Amino acid sequence: MSLLSKLNQIVLASNNPGKLREFAALFDQYDIKITPQGEFNVTECDEPYHTFVENALKKARHASQQTGLPAVADDSGIVVTALNGAPGVLSARYATLFGEEKSDANNNACLLRELQKHEDKSAAYIAVLVFVRHADDPAPLIAQAWWCGVVQEEAKGEHGFGYDPHFYVPDYQQTAAEMSPELKNSLSHRAMALKKLIAEMEAAN
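Thresholds applied
- Residues numbered from 1 in each chain as written.
- Predicted model: local features only at pLDDT ≥ 70, side-chain atom pairs only at ≥ 80, totals over all residues.
- Heavy atoms only, no water.
- Helix = DSSP H or I, 4+ residues; strand = E, 2+ residues; numbered from the N terminus.
- Expected span 1.5 Å × (residues − 1).
- Buried < 20%, exposed > 50% of the residue type's maximum accessible area, 1.4 Å probe, protein only.
- Contact = heavy atoms within 4.5 Å.
- Pairing = 2+ DSSP bridges.
- Axes fitted to C-alpha atoms, helices over the stretch in contact; angles between N-to-C directions.
- Core = buried A, V, L, I, M, F, W, Y, C linked by side-chain atoms within 4.5 Å.

By the naming in an unreviewed UniProt entry, the protein chain is dITP/XTP pyrophosphatase, taken from Oligella ureolytica.

So, in structure tokens, the structure goes:
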């Protein structure tokens, strides 16, 4: 009997509506309810680590400990080759490293400014998903996926958020923000990581 067949509810270590929709859509086919941690009044979890996997694991354990339920968490962001992986885990607040308010516009402006010094514009969106059966699970399931592209100076597209208007995907000759939500959700780092996590859960007990 696979792990998936034993579950009926999982707490999502996030209150992000977009993430909730993506997770719920995938787990619904297994009759597993995904509930955001806000419904259980889970306290905010700090993310002190330098890696996506460590932060995701901490968030999953934190949500599971406070709810008594299995939990899933993700940590994601953009890594830029020429910047030694920055913004990395600080993607959502990259501008604060330069004394500026965090916002999509400021984050992108800071990234483009830093990249002006480099010819290599290659980058990747990364998502790491972690599932724990309980807070002290010694064998958490971990799935990681990369979505490779190039940072372009000109912003294009009206969809998406974050760095999407500057994240150009050569195979599709458009930025992530120019893609329809349906196309982006089928290609994105989180979509790929979700599929990998489901496969891990099907193989586990």
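Moving on from the model shown.
Caption draft 1: Focus on helix α4 (residues 104-115). Between its terminal C-alpha atoms α4 stretches 16 Å, which fits the 16 Å expected from 12 residues at 1.5 Å a residue. Residues of α4 that are buried include every one of Asn107, Asn108, Cys110, Leu111, Leu112, Glu114 and Leu115, and no others. Looking at the packing, one finds that the buried side of α4 touches β3 (71-80) and β5 (141-151).

Caption draft 2: Representation of the pairing of β5. Taken together, the 10 bridges between strand β4 (residues 122-132) and β5 define a ladder with antiparallel strand orientation. By the bridge assignment, Leu129 is partnered in β5 with Ala143. Summarising the sheet, β5 and strand β6 (residues 167-169) pair through 2 bridges and their orientation is antiparallel. In the strand pairing of β6, Val150 is matched with Tyr168.

Caption draft 3: Helix α6 (residues 189-203), seen in detail. Counted at 1.5 Å a residue, the expected span for α6 with its 15 residues is 21 Å, and the 21 Å between its end C-alpha atoms agrees. Listed in full, the buried residues belonging to α6 are His189, Arg190, Ala191, Ala193, Leu194, Leu197, Ile198 and Met201.

Caption draft 4: Layout of the environment of Arg190. Here Arg190 is to be found in helix α6. Once the C-alpha coordinates of Arg190 and Glu101 are considered, the two residues, 89 residues apart in sequence, prove to be 26 Å apart. Residues within four places of Arg190 in sequence aside, it is in contact with Lys19, Glu22, Phe23, Asp74, Ser76 and Ala127.

Caption draft 5: Looking closely at unusual backbone geometry. Cis geometry is found at the peptide bond from Ala86 to Pro87, where omega equals 0°. Looking at where Pro87 falls in the secondary structure, it is placed in the loop between β3 and α4. At Asn41, a position not held by glycine, the phi torsion is positive, near 55°. Tracing the backbone through its elements, the reader meets Asn41 in the loop between β2 (33-36) and α3 (52-67). Phi is positive for Gln173, which is not a glycine, with a value near 50°. Counting through the fold element by element, Gln173 comes out in the loop between β6 and β7 (174-175).

Caption draft 6: Highlighting the sheet that holds β3. With mixed pairing, the 7 strands of this open sheet are ordered in space as β2-β1-β3-β4-β5-β6-β7. The open sheet is flanked by β2 and β7, the only strands paired with a single partner. Its contacts with the sheet put α6 on β1 (9-12), β3, β4 and β5, and the angle it makes with β5 is roughly 160°.

Caption draft 7: Broad picture of the side chain of His62. Note that His62 resides in helix α3. For His62, a relative accessible area of 15% puts it in the buried group.

Caption draft 8: Structural context of the nonpolar core. Within the largest apolar cluster, 22 residues are counted, with the highest numbers of intra-cluster contacts made by Ile10, Phe23, Phe27, Phe131, Leu197 and Met201. If you list the elements that add at least two residues to this core, you get α1 (3-6), β1, α2 (17-27), β4, β5 and α6. In terms of residue count, the dominant contributor to this core is α6 (5 residues). Once residues lying within four places of it in the same chain are set aside, the contact partners of Met201 are Ser2, Leu3, Leu4, Leu7, Ile10, Phe27, Phe131 and Leu141. With 19 residues, the next largest nonpolar core counts Cys110, Ala123, Tyr125 and Val169 among its residues.

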